[in-house]
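Observations on the three-dimensional arrangement
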Amino acid sequence: MIALAATSLAVAACSAAYPPAGATDQGRDIHSLYSWILIPAIVIFVLVEGLLVWSVIRYRRRDDDALPPQIEGNRRLEILWTVIPAIVVLAVFGLSMETLGTVDAKSADPAVVVDVAGHQWYWDFRYEKEGIDVSGAGQRPELVLPTGRTIRFNLSSGDVIHSFYMPAFLFKRDVIPGVTNTFEITIDDPGTYAGQCAEFCGLGHADMKYAIRAVSAAEYDAWVAQQQAAPSGSPPTSPSPSAGGSAAPAGATLEVSASTPTSFEQSSLETAAGQAFTIHFTNKEAGVPHNVAIRDSAGDVLAKTEIATGPADASVSVPALGAGTYTFFCQVHPNMQGTLTVK
Amino acid sequence: MTTATLAPVAVRTRTSWLEWLTTTDHKKIGQLYLVSSLVFFVIGGIQALGIRSQLAAPDMTLVDPETYNEFFTIHGTTMIFLFAMPILSGLANFVVPLQIGAIDMAFPRINALSFWLVPVGGLLIYSSYAAGGAAIGWTGYVPLSTGGAGGQNFGPGLGTGVDLWIMGLTVLGFSSILGAINFLATIFRMRAPGMRMFRLPIFVWTVLVTQSLALFAIPVFTTALVLLFIDRNFTGGAFLNPANGGSAILWQHMFWFFGHPEVYIMILPAMGIISEVVPVFSRKPLFGYHAFVGATIAIGLLAFGVWAHHMFATGLVYLPFFSFLTGAIGVPTGIKFFNWLATMWRGKLRFSTPMLFAIGFLAFFLIGGLDGALLAAVPFDYDVTDTYWVVSHLHYVLFGGTVFAVFAGIYYWFPKMYGRFLDERIGKWHWLLTAIGVNVAFFPQHLLGLEGMPRRIATYSADTPWAPLNLLSTIGAFTIALSVLLFVVNVVVTFRRPLEPVPDDPWDGNTLEWATTSPPPPHNFDRLPPIRSSRPVFDEKYPELAERAASAGAAR
């Protein structure tokens, strides 16, 4: 019983010592490289720790006071432990350069080209050939990709440095303003894989997530056809009245505006309890998406405007709220927030 | 010698506050460095506990993201610039003049200035908390740290606080540059007669190489900080900010051209301490002295050719060059490991607290060396760079390595500094808790990195598999905190105890600091033994062995 538990624990520990198998051609190569170079690391680890433990036990001081032999060095040994590690280093270098050749390889004509734009704090994707846009503003975008085809990513950033990290593919590449980085993958295994930004990019760094859904080539083609048939523009979010404050049924209209991604121009709002009201949001910041949402102290979102990429505006009708303190914030930039007092 | 033990006691009781503020005695300045560094160690550690508490479970809201980002920025900055570097400078300040038989540093007043700039820089860095915070990471990557085209900030924690962070680090840069010149002048010009270069204690050699690295690396970083300050504060400053025509990647090159030698600035003196402690407590000379010196110089030179291995994932560096040299550093590091093991081999090991910490260094720094060597393989680096693998690696190097060596050095030289032994029993518990804490805190982070957890995220959701290992890591962090508390208790207990005179040479040491009283008089030495090898004190105790070694050396 104990042996069984120990065995399963050991197996779990061993598998935890490895990254995922790698769902792409390139990821598999990296996984196999890791498996190879881990071997000398473990051998050296066991050898050195073993010698250390052996010395501690075997050569601990016993009673006598005599000095041990005063050995200053040994040329043959010293040459040995310089040359052997040098050979190991060379071997590991050779292996890793070989893998690097396949991981960084680029084809003449990739089947799918995705332009990835990193923003604080969301991802936008554009399928270059198919003309499909997937925006991540205010939501976690899903990138649908075919298995068995070469996919190229072009990475660019409009603000700070991000890193496009795909843990299941054992790969990341930095997204740097002023630079377009390119890499290619071929996915082998269908499935949904989580990804997120890996370069610290400010307040919402931890929220900068996306998913890749890898499907068969046929399913992918069907998805593309369906997307192309759908009306252009951003993918469906919850339809809500947009543009202008005309939809406001009754009660007050609260004005909110923004011109930077740091904060709203209003830090606090006030309205009466038990009365429906309208929030009218003006985004003055060109090219940057914002919205206004309201959450209660438990963190539940009670109402939100559409995400408006400036210059633009958006409104939302808010049902009557009980007296208390609420927070209004931008779902794209969670640092933009203020207090809504309902009395 | 027995009468001399009384005089230092009288000196110590006379030390007034004014004397501490105005002293130019390298021994007192060394102690000031130690105290200031340990205070910052505790403050930086408290921020680490904040970070680890927030990550103990998924979706925690204990520390809000803005504060979290400021915590890890200032934690990293503190531990590197206000703890690791100054505490090693402090130990070197106390030990180097004694080990080379000098009366003081070459420039005692500049030495005092170097120290006093440290708390000034520290205050500037910490005042960032009162000025909107500095949330840029200790690496301060551009353009998050510069702001956009119109000078607008990319979020909170990127305002005036960042300017204070820049100013603080610039002040610390001047402190380090002055210190480097001072150490080099001291080691080259102040050696006692007979103390030839190849008779220098290994610790002095490592300080020599370290301070040479500092002299070449830190001016580059200080320059980069000035460029950053100009870009942030003056219209038309366009060195680094891509929105104004600068290059974001230039900052990374300048930062890591400093940042990688910086790692060796923090680890080479640590290796030096280990090379003092292991021979003394094994009662053998260091195996392969010349090879060890050569390996230290080789690491110092290679340190300037590997900086871009921090930038593999940028896709903008020449990979084979940096990958190969990074791997190559493993060879001289390996030589050192085998030298230490061969020193212990067939020795007579005494497990006093300094030796326990030295053994901890060997056991845990090895892990930080091996997981770092794996990072030299570029494709694997693509996967785990900027994940918790790297966090684990750097903490094994800097905690498993540097901090263990620092504690080995403190327990070893404490009787020489204060004429008192730290309590051995508390010391052993301190060691045990640290050894457990470090591995529980940092080993799981390797696995988190392999599972794909990015670093510097303020929280993670419950649908990831990261929760159990994070909890374990947090438990480890609090274990480390407990061990540090035990060290503080040890210091307090030691100073409350009635004074028992400590002999000149309590550990059966080899080098010149053990030839004078504990603590030494203001002028350091009443007499020096003849210096005919790297172990003058040993030679005096065992003259017949010294004769034999000297004739063997002449024959070589």
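The structure we're discussing is the one just above.
Digging into the overall build of chain A
A count of helices and strands for chain A gives 4 helices and 20 strands. Against the compact-globule benchmark of 20 Å for 343 residues, chain A has a radius of gyration of 29 Å, which places it well outside the compact range. Dimensions of chain A, computed from C-alpha atoms along their principal axes, come out at roughly 95 × 60 × 50 Å. Looking at chain A as a whole, 36% of its 343 residues are labelled buried. Across chain A, contacts joining residues at least 24 apart in sequence account for 67% of those joining residues at least 6 apart.

Here's the deal with the sheet that holds strand 20 (residues 337-342) of chain A
Residue and element names in this part refer to chain A. Read from one edge of the open sheet, 5 strands run 12-20-19-15-16, paired in mixed fashion. The strands lining the two open edges of the sheet, one partner per strand, are strand 12 (268-271) and strand 16 (301-304). Taking each pair of neighbouring strands and ignoring which way they run, the sheet shows an average axis angle of 25 degrees. Pairing of strand 15 (residues 293-295) with strand 19 (residues 324-329) involves 3 bridges; the strand directions are antiparallel. Following the sheet pairing, Ile294 is matched in strand 19 by Phe328.

What about the interface of chain B and chain A?
At the interface, 74 residues of chain B touch 70 residues of chain A. With 8 residues, the single largest contributor to the side of chain B that touches chain A is helix 11 (residues 330-344) of chain B. Split into classes, the residues belonging to the side of chain B that touches chain A amount to 48 nonpolar, 17 polar and 9 charged.

Let's talk about the pairing of strand 16 of chain A
In terms of strand pairing, strand 15 of chain A meets strand 16 of chain A through 3 bridges, oriented antiparallel. Bridge assignment links Ile294 of chain A to a residue of strand 16 of chain A, and that residue is Ala303 of chain A.

Thoughts on the sheet that holds strand 18 (residues 312-318) of chain A
Residues and elements named next belong to chain A. Taken together, 3 strands build an open sheet; the order of strands is 11-13-18 and the sheet is mixed. Two strands close off the open sheet at either side, each with one partner strand: strand 11 (253-258) and strand 18. For this sheet the average axis-to-axis angle between neighbouring strands, irrespective of direction, equals 20 degrees. The sheet contact formed by strand 13 (residues 277-283) and strand 18 spans 7 bridges and is antiparallel. Among the inter-strand pairings, Phe277 is bridged to a residue of strand 18, identified as Val318.

Considering the packing of helix 14 (residues 388-418) of chain B against helix 15 (residues 424-450) of chain B
All names here are of chain B. Relative to each other, helix 14 and helix 15 sit at 165 degrees, their axes nearing to 7 Å. Put simply, helix 14 runs roughly antiparallel to helix 15. Considering how the two elements wind past one another, helix 14 and helix 15 form a crossing that is left-handed. Side by side, helix 14 and helix 15 meet where Tyr388, Trp389, Val390, Val391, Ser392, His395, Tyr396, Phe399, Gly400 and Tyr411 of the first sit next to Gly427, Val438, Phe442, Gln445, His446, Leu448, Gly449 and Leu450 of the second. A class-by-class count of the residues in the contact of helix 14 with helix 15 yields 11 nonpolar, 7 polar and no charged.

So, the environment of Phe174 of chain B
Within the secondary structure, Phe174 of chain B is located in helix 6 (residues 160-189). Along the sequence, Phe174 of chain B and Thr222 of chain B sit 48 residues apart, while their C-alpha atoms lie 8.1 Å from each other.

Some remarks on the environment of Ile475 of chain B
Mapped onto the fold, Ile475 of chain B is located in helix 16 (residues 467-496). Along the primary structure Ile475 of chain B and Gly437 of chain B are separated by 38 residues, whereas in three dimensions their C-alpha atoms are 7.9 Å apart.

Some words on the nonpolar core
Core analysis: the largest hydrophobic core is formed by 259 residues, its most contacted members being Ile274, Val277, Ala358, Phe361 and Ala408 of chain B. Those residues in contact with Ala408 of chain B that sit more than four places away from it in its chain are Ile273, Ile274, Val277, Pro354, Phe357, Ala358 and Phe361 of chain B.

Examining the pairing of strand 6 (residues 162-166) of chain A
Side-chain positions along a regular strand alternate between the two faces of the sheet. All names here are of chain A. When you tally the buried positions in strand 6, you get 5 out of 5 residues, the bulk of the element. Alternating residues of strand 6 divide into His162, Phe164 and Met166 and Ser163 and Tyr165, and every residue in both groups is buried. The pairing of strand 6 with strand 7 (residues 171-175) spans 5 bridges and is antiparallel. Across the sheet, residue Tyr165 finds its bridge partner in strand 7, namely Lys172. Adjacent in sequence and paired antiparallel, strand 6 and strand 7 are bridged by 4 residues, among which Leu170 carries a positive phi angle near 55 degrees. Summarising the sheet, strand 6 and strand 9 (residues 191-197) pair through 2 bridges and their orientation is antiparallel. What sits directly across from Tyr165, in strand 9, is Gln196.

Examining unusual backbone geometry
A cis amide bond links Gln120 of chain A with the next residue in sequence, Trp121 of chain A, at an omega value of -5 degrees. Counting through the fold element by element, Trp121 of chain A comes out in the loop between strand 1 (112-119) and strand 2 (122-127). In this structure, the amide linkage connecting Ser518 of chain B to the following residue, Pro519 of chain B, adopts the cis form with an omega of -10 degrees. For Arg283 of chain B, which is not glycine, the phi dihedral falls at a positive 60 degrees. Note that Arg283 of chain B resides in the loop between helix 8 (248-282) and helix 9 (289-302). The phi torsion at Asp386 of chain B lies on the positive side, around 60 degrees, for a residue other than glycine. As for its placement among the helices and strands, Asp386 of chain B is situated in the loop between helix 13 (378-384) and helix 14.

Quick look at the packing of helix 2 (residues 25-58) of chain A against helix 3 (residues 75-103) of chain A
All names here are of chain A. The N-to-C vectors of helix 2 and helix 3 enclose an angle of 175 degrees; their axes lie 9 Å apart at closest approach. Taken as axis vectors, helix 2 and helix 3 run roughly antiparallel relative to one another. Of helix 3, the residues touching helix 2 (which contributes Gln26, Asp29, Ile30, Leu33, Trp36, Ile37 and Pro40) are Val88, Val92, Leu95, Ser96, Thr99, Thr102 and Val103. Class assignment of the residues belonging to the contact of helix 2 with helix 3 gives a composition of 9 nonpolar, 4 polar and 1 charged.

Definitions and limits used
All residue numbers here refer to positions counted from 1 along the written sequence of the relevant chain. Going through the entries in the order they are written, you letter the chains from A and number the ligands from 1. Owing to the predicted nature of the model, reporting of local features is limited to residues with pLDDT of at least 70; listing and counting of side-chain atom pairs is limited to 80 or more, with chain, interface and lining totals taken over all residues. Helix and strand assignments come from DSSP, with helices taken as H or I runs of at least 4 residues and strands as E runs of at least 2, each series counted from the N terminus. With C-alpha atoms as the basis for the radius of gyration, the globule rule is written as 2.2 Å multiplied by the number of residues raised to the power 0.38. Partly exposed residues are those whose C-beta has more than 12 but fewer than 20 other C-beta atoms within 10 Å; with 20 or more the residue is buried, with 12 or fewer it is exposed, and the C-beta atoms are placed from the backbone. What counts as a contact is two residues whose backbone-derived C-beta atoms lie within 7 Å of each other. Strand pairing is assigned whenever DSSP detects at least two bridges linking the two strands. Each axis is a line fitted through C-alpha atoms, and for a helix only the stretch in contact is used; angles between axes span 0 to 180 degrees, taken between their N-to-C directions. For this classification, the nonpolar set comprises Ala, Val, Leu, Ile, Met, Phe, Trp, Tyr, Cys and Pro, the charged set comprises Asp, Glu, Lys and Arg, and every other residue, Gly included, is treated as polar. Each angle gets one of four labels, with under 35 degrees taken as roughly parallel, over 145 as roughly antiparallel, 65 to 115 as roughly perpendicular, and the rest as oblique. Less than a right angle of anticlockwise turn of the near helix away from the far helix marks a crossing as left-handed, whereas a clockwise turn marks it as right-handed. Residues of type Ala, Val, Leu, Ile, Met, Phe, Trp, Tyr and Cys that are buried and joined through C-beta atoms within 7 Å form what is called a nonpolar core.

Structural measurements only, silent on function.
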